[in-house]
Amino acid sequence: MLSECRTKLFLMTGVLASLCFALGWAGAALSDPTWVFGVNMVSDLRVSEYESARILFSAGAVSAGALFAVFGAGLSLAYDGLAPRIGLLALCLAGIALVGVGLFNENTPYHLPCAITLFAAAVFSAVMVAIHTARTSQYPAAAGTLLMLAAGTVLGLTSSLPLTEAVSIIMLMAWISVTCVVIWYRRFGLLSRPVPDLS
């Protein structure tokens, strides 16, 4: 089991990773007036004709991926159960794949395998977290995770691939950040004050 300090550090790393990707993506999108949300793939920013967009997207993806890898691998040590550990290690794999997305643009043979690994590992991680939270009677967390997976599935079946990709990324980053905050609150209380006993 991890110490309280290390657990908090890894939780903050998860939130920071989401923030890094969001800032890199937003900065790249604002730098490229030809890129359109839901029309272009997010990775199109990596091959933008605008150098600033390419740099910002790559920096955001690589930094966020590295942080997600650290977050997933590190926080997995805080759990004894197999499901949460496997789920967090899958998130670590997704982070490594995100680094690959940032390093290799879609004109290289390495980009597509990295992108597929990223989404497959992220979905698998969410499934494992849903299983763990349901087994441990954390029903709101399980319901929230399943709702995200269901929304992504419906979107994938009814919308274009660029829109599905973009919205799925937003949902994933939000889910990770909210999960980090919930874990922090359940373990340490709000602003590190113990959660009051209401039983």
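The numbering scheme is per chain: residues are counted from 1 as the chain's sequence reads. Local features in this predicted model are restricted to residues of pLDDT 70 or higher, and side-chain atom pairs are both shown and tallied only at a pLDDT of 80 or more, whereas totals for entire chains, interfaces and linings draw on every residue. As a convention, hydrogens and water are excluded, and side-chain values are obtained from all of the structure's heavy atoms.

Asker: Looking at this model, I keep getting lost on the environment of Ala 134. Mind explaining?
Answerer: A run of DSSP states H or I qualifies as a helix once it reaches four residues; a run of E qualifies as a strand once it reaches two. Both are numbered from the N-terminal end. For Ala 134, the location among the structural elements is in helix H4 (residues 111-135). Burial classes: relative accessible area under 20% of the type maximum marks a residue as buried, over 50% as exposed, and values in between as partly exposed (1.4 Å probe, protein chains only). On the basis of relative accessible area, Ala 134 is assigned to the partly exposed category, the value being 35%. Contacts between residues were defined by any pair of non-hydrogen atoms, one from each residue, lying within 4.5 Å. When near neighbours in sequence (up to four residues on either side) are disregarded, Ala 134 contacts Tyr 139 and Ala 142.

Asker: Can you walk me through the packing of aromatic side chains in this structure?
Answerer: By convention here, two paired aromatic rings are described through the distance between centres and the angle between planes. When two rings of Phe, Tyr or Trp (its six-membered ring) have centres within 6.5 Å they constitute a pair, described as stacked for plane angles under 30 degrees, edge-to-face for angles over 60, and tilted for the intermediate range. Summed over all chains, the structure comprises seven aromatic pairs. Where Trp 35 meets Phe 37, the ring centres are 6.4 Å apart and the plane angle is 80 degrees; that geometry is what we call edge-to-face. In this structure Trp 35 comes out as buried when scored by relative accessible area, which is 11%. Residue Phe 37 is classed as partly exposed on the basis of its relative accessible area, which comes to 41%. Their ring planes at 75 degrees and their centres at 5.8 Å tell us that Trp 184 and Phe 188 sit as a pair that is edge-to-face. On the criterion of helical spacing, the pair formed by Trp 184 and Phe 188 is a turn pair, its members being four residues apart in helix H6 (residues 161-188). Within the aromatic cluster, the residues linked to one another by ring pairs are Phe 21, Trp 25, Trp 35, Phe 37 and Phe 57. Here, a charge over a ring means that NZ of Lys or CZ of Arg falls within 6 Å of the ring centre while also lying within 35 degrees of the ring normal. Above the ring of Phe 188, the side-chain terminus of Lys 8 is found at 5.1 Å from the ring centroid.

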